[in-house]
Structure formats: structure tokens, C-alpha cells
Amino acid sequence: MLRRLDKIRFRGHKRDDFLDLAESPNASDTECSDEIPLKVTRTSPRDSEELRDPAGPGTLIMATGVQDFNRTEFDRLNEIKGHLEIALLEKHFLQEELRKLREETNAEMLRQELDRERQRRMELEQKVQEVLKARTEEQMAQQPPKGQAQASNGAERRSQGLSSRLQKWFYERFGEYVEDFRFQPEENTVETEEPLSARRLTENMRRLKRGAKPVTNFVKNLSALSDWYSVYTSAIAFTVYMNAVWHGWAIPLFLFLAILRLSLNYLIARGWRIQWSIVPEVSEPVEPPKEDLTVSEKFQLVLDVAQKAQNLFGKMADILEKIKNLFMWVQPEITQKLYVALWAAFLASCFFPYRLVGLAVGLYAGIKFFLIDFIFKRCPRLRAKYDTPYIIWRSLPTDPQLKERSSAAVSRRLQTTSSRSYVPSAPAGLGKEEDAGRFHSTKKGNFHEIFNLTENERPLAVCENGWRCCLINRDRKMPTDYIRNGVLYVTENYLCFESSKSGSSKRNKVIKLVDITDIQKYKVLSVLPGSGMGIAVSTPSTQKPLVFGAMVHRDEAFETILSQYIKITSAAASGGDS
């Protein structure tokens, strides 16, 4: 009780003293500074401990401190999140600004060229004025007195006036043509690339389809003539063509057909409805483009257009590759036929008159187009035996077919060599793990030859079989060089990666442990083996770290590489100090 009364009295005195300080208007700052420490000295450590109530204001202060700490951590996370969002937005904005700058590059170049032309024009005008001014000054300086000048220089003035008028007339008539022949530096125009857009891609495919429609209709009409779709039309066309070829009117016939087609197109453009086609045209329904598409609809639209583009490009590539392989003697027996035919045509053009050669070629083309092709299309087995152009075209290979043939030949060669060699069978009790270890142990015998190392370089005992992984080289841009599957080994001085793609030792990678500047754990993608775990290794020879990803035993490999790296670097440092 006495202690509590003392505390109450102490608090009362303390409050009264502070009230007196607050009410005294003449109290200076120095007096306040002198009184406050005197009043604080009245409280002893014991009293301060008694004033601190465990269930009182101390608990509230701790709770508010914890809340402030949590609030500050939450604010920091929000701040970091905001910085990331800003960085992403800034990246998008910078990309848009870069695209706009690329679009404005051509306009800026034209503006600069125009300014240079204006400057050149002003310089030329200034030079002309200076020349005229110098000429007038010379004339004024060399001009004799009027009495003598009129008699002596009359003829000269007339001649100068005549030459100036002639020069002016020539410049007015032919000056523009002379300026056209002035040599100027070639302008390097940079074409701007449009960003990928689903709507733009669809519109371009539709434009391509509309642009190719006249060509496809023409091919359909020719095919209908050859197939005798309309017997009367094909018979009339065959008779007219053969008669024109026989009388030497084939070229005038084709020119007349071209003029007739242009005339009909003119009438159609003027509003006439003219249907001149053997095969009736089928109008396809045109779907109006949707304005608002969902994300799934846009994705499906891009997939459909990409599939059509893929098939179209594939057909065009097949045609071009077959023509290339025909002229490059990829299959000599096929190219030999073309070679003999060209020699025969050359000799015929040299020794026979052109009228006879043209007649023979025209008659053969008409019979082949109207009669032979009709029979071959109706009899596929006959065509497969005797249609030489068709057989040659079908037997021409494309580049993917050549690759498949070469790989099949290599595999057959390997099978024959393996069947000739003696391979002992593995024991029955040998498991998969022991079999894999035996495979790597046999491969380890020529380990130094694979990586071009010394014979004392062997994989450590921890990684005798190596670790399956994929090497991601971010410095490379090609997909085949960007990621490689293989096996990673660690020796006493090297980090060796053997590519699983056989046939080239250049795909292997050898890194000195001393040259490693940084090594750390890395996660590529969680869908890869080992949950996407990997190891990132930095070296001075690479701009970006080399990533060994998809490692099932990532931690074991990391500890092995790190411990061997520390061992090598410490040994090198101690050797340098000694």
C-alpha cells in the first residue's frame, strides 16, 4: 500500500510539475531543459520496473510493434510487385516506341535527303550569283571609254548575246533530261515488319486466296479441256488448235485468245455479266469477320491459318526441291533422261528448219494434251508404266526423303557390321542399373578420346555413369544448338558434356573448372524431368550462363561440381602463394 501511494504521489507530482512548466509563460528553453532531467532523475530503476505492468501498456506496445513490422513487410512486397509491374509495362512501352521509331525511320531519311537537296540548291544559287557578280565586275573593269567601245566591242557583244541566248534555250529544252542522268547514291530503304496479329494473318490468307483465284480457274479450265469435261468444247478446241499448228498460226492463236480475254475482262469491269468458263464456278460463302473474338477463338483462328500456310509452303517447297534435285544429278538415271532430251532438241534445232521443229513440237503437245493425258488419267496402271514425265516427277525425291534414305542406309550398314561382330550376351541376373553402368564403363575406356583430354582424366567415382541432362546454351540462336540432350561428367580438372546425338564430336562441351566464374542452382521449367532442376555455370567465354537442366540428381551433381571446383581453386591459390 505504501509503495502504491508513493507511486500515485510521484505521478501526481510529475503531472503538476509538467503543468507548471506548461503554464509558466516566462519559462525559457534553458529552464525547461534544466528542469526535465531533474524530474527524470527522481525515478529510480526500481520504480521504472514497477511502473512497467506486464498486462498493461508494454503488451500494447509490443503488439503495435509486431503490427508495424508486418505492415512494413507487406508494404515492401507490394512495392516490389509494383516495381515488377512497372518494369513489364516499361518493356512493353519501349517495344512500342522502338517499333514506331523504325516506322518513322524512312520518313526521317526522306526529310534529311530533302534538307540536303535544299542546301545544295542554295549553294548552287549562291555560286551562280557570285559568278554573275564577278563577271559583271570584270566587264566594268575592262570596259573602255564609250567612244572607243562602241566601235571595237559591238561585234563581241552581239556574239556574247547570241551565245548566252543559245545556252539559255538549250538549258530550257534539255536541262530537265540532263538532270535525270545525274548519278545519285542509292537509297537503302528498310522495310518495316508488322507485328503478329490474328486478324492481319487471316486477312492476308484471304487476300492470297482471292489473288490466286484467276490462276486456279485457268488451271481448272485447262484440266477440263484435257479431261473432255465438255465433249463439244474439247473437240472444237482440239480441231482449232491442230489446224492452227498445221498452218503455222499457233502463236497468233494464243495472242488472239489473250486479246479476247482482256476484252471480256473489260466488259466485265464495265458491269456486263459474262460467264466464259468450261467448269461452272461455285461461289463459296464468305463469312463476315467478327469484331470481338475471345482468346480461345483467336488462338483457334491462328492455328487454322498456320495449318493452311504450313501445307501451302510444304507443297511449294516440294516442287522447288524436286526441280533442284532434277538439275543437281541427285538421281543420275532421271537427270540422264533430261540430259539426252536436251541434246536431241539442240541438235534438231541446229540441223532442221524452225518451221519443221515448231510443227513437230506443236503436234506432239496437242496430241499429248488432248488424247494421251485423257487415256492416262482414265487408266492409272497404264500411266504408271508408260507416262515418262509423270514417272520422272513422281520418282524425284525431296530433301526430307533424301535424309530419310541416308539415315536408313546408315542404320542398315550399322546393323550389318554389328551382326558380323561378336557381342557376348549379358548375364541373366544383371539388372538395368548394372547394364547402364556397364555401358558407361565400356565407354569410359575411350573417355579421353571423346573429349580430346589426357589419359589420366577420368570421371570421378560419384559420376562414373554420368548424369542425364540437357545443355541449354543461351548464346546460340538455332534450336539444334540452343538445347542438346546428353550426359554430364566431372573429372579432376574438367566438366565434360557428351551430346547424345552421335556423329559429331563438336557438339560435346568441355569446361575447365578453373575457368568457371560462377556456379549456382537453376530451375528451368517444372515440366522437365527432375522438376526442371538444373545448374547454371558461367565462364568468361560465354555471354550468358550455360544451363544443365532436367537433372534428376541435381543436388548430388551440384555438390560434386562445387566441391571439386573449391578443391581445384584452393590448390591453384596455394600453389600461386608458394
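Residues numbered from 1 in each chain as written. Predicted model: local features only at pLDDT ≥ 70, side-chain atom pairs only at ≥ 80, totals over all residues. Heavy atoms only, no water.

- Looking at an unreviewed UniProt entry, one finds the protein chain named GRAM domain-containing protein 4 and attributed to Pan paniscus.
- Taken verbatim from the UniProt record of the protein chain, the Subunit (unreviewed entry) comment is "Interacts with RTN4 (isoform B)." (UniProt positions renumbered as here; feature names shortened; annotations may be inferred.)

Points about the overall build of the protein chain
Point 1. Scanning the protein chain from terminus to terminus reveals 19 helices and 7 strands.
Point 2. In the protein chain, which comprises 578 residues, the share counted as buried stands at 17%.
Point 3. Counting contacts in the protein chain only where the partners sit at least 6 residues apart, residues at least 24 apart contribute 53% of the total.
Point 4. For the protein chain, the accessible surface area stands at approximately 46100 Å², while carbon and sulfur atoms represent 60% of it. (Helix = DSSP H or I, 4+ residues; strand = E, 2+ residues; numbered from the N terminus. Buried < 20%, exposed > 50% of the residue type's maximum accessible area, 1.4 Å probe, protein only. Contact = heavy atoms within 4.5 Å. Areas by Shrake-Rupley, 256 points an atom, 1.4 Å probe, with all protein chains shown as cover.)

What to know about a nonpolar patch on the surface
Point 1. Together, W329, Y339, W343, F346, L347, F351, F352 and L356 make up an exposed nonpolar region whose accessible area comes to about 910 Å².
Point 2. The biggest single contributor to the nonpolar patch is helix α11 (residues 332-351), with 5 residues.
Point 3. When you line up the elements, L347 lands in helix α11.
Point 4. By relative accessible area, which is 41% here, L347 ends up partly exposed. (Patch = residues over 30% accessible without salt bridge, like charges linked within 9 Å, V, L, I, M, F, W, Y side chains within 5 Å. Salt bridge = Lys/Arg side-chain N within 4 Å of Asp/Glu carboxyl O.)

Things to note about the side chain of S234
Point 1. Examined against the element boundaries, S234 turns out to sit in helix α8 (residues 231-246).
Point 2. Classification of S234 by relative accessible area gives buried; the value is 1%.
Point 3. Filtering out sequence-adjacent residues up to four positions away, S234 remains in contact with A224, L225, W228, Y229 and F370.

What about the environment of F548?
Point 1. Residue placement: F548 occurs in strand β7 (residues 546-549).
Point 2. In this structure, the C-alpha to C-alpha distance between F548 and I483, residues 65 residues apart in sequence, is 9.5 Å.
Point 3. Setting aside its immediate chain neighbours within four residues, F548 contacts C469, C470, L471, L488, L495, F497, I511, M533, G534, I535 and V537.

Description of the environment of A244
Point 1. Mapped onto the elements of the fold, A244 is located in helix α8.
Point 2. When the C-alpha positions of A244 and F254 are compared, they lie 9.9 Å apart, and in sequence the two are 10 residues distant.
Point 3. Beyond its immediate sequence surroundings of up to four residues, A244 is in contact with W249, A250 and L253.

Quick word on the packing of α8 against helix α9 (residues 250-269)
Point 1. Contact geometry for α8 and α9: axes closest at 7 Å, N-to-C directions at 135 degrees. Classed by the angle they form, the pair α8 and α9 counts as oblique. Of the residues in α9, those in contact with V240, Y241, A244 and V245 of α8 are A250, L253 and F254.
Point 2. Across the contact of α8 with α9, the residue classes break down as 7 nonpolar, no polar and no charged. (Axes fitted to C-alpha atoms, helices over the stretch in contact; angles between N-to-C directions. Parallel < 35°, antiparallel > 145°, perpendicular 65-115°, else oblique. Nonpolar A, V, L, I, M, F, W, Y, C, P; charged D, E, K, R; others polar.)

Some thoughts on the UniProt feature "transmembrane region" (unreviewed entry) in the protein chain
Point 1. Sites flagged by UniProt as "transmembrane region" (unreviewed entry) map to residues 250-268.
Point 2. Span residues 250-268 is 100% helix and 0% strand, its end C-alpha atoms 27 Å apart.

Topic: the pairing of strand β6 (residues 533-538)
Point 1. The element β6 is extensively covered by neighbouring structure, given that 5 of its 6 residues are classed as buried.
Point 2. Of the strand pairs in this sheet, strand β5 (residues 518-523) and β6 are connected by 6 bridges, and their pairing is antiparallel. Bridging from a neighbouring strand, D518 pairs with S538 of β6.
Point 3. With 3 bridges joining them, β6 and β7 adopt antiparallel strand pairing. In the strand pairing of β7, V537 is matched with L546. (Pairing = 2+ DSSP bridges.)

Observations regarding the packing of aromatic side chains
Point 1. Per the stated rule, a full pass over the model turns up 12 aromatic pairs.
Point 2. An aromatic cluster is defined as three or more aromatic residues linked by ring pairs; in this entry it consists of F238, Y241, F254, F369 and F370.
Point 3. Between the NZ or CZ atom of R383 and the centre of the ring of Y390, over which it lies, the distance is 4.1 Å. (Phe/Tyr/Trp six-rings, centres within 6.5 Å; stacked < 30°, edge-to-face > 60°. Lys NZ or Arg CZ within 6 Å of the ring centre and 35° of its normal.)

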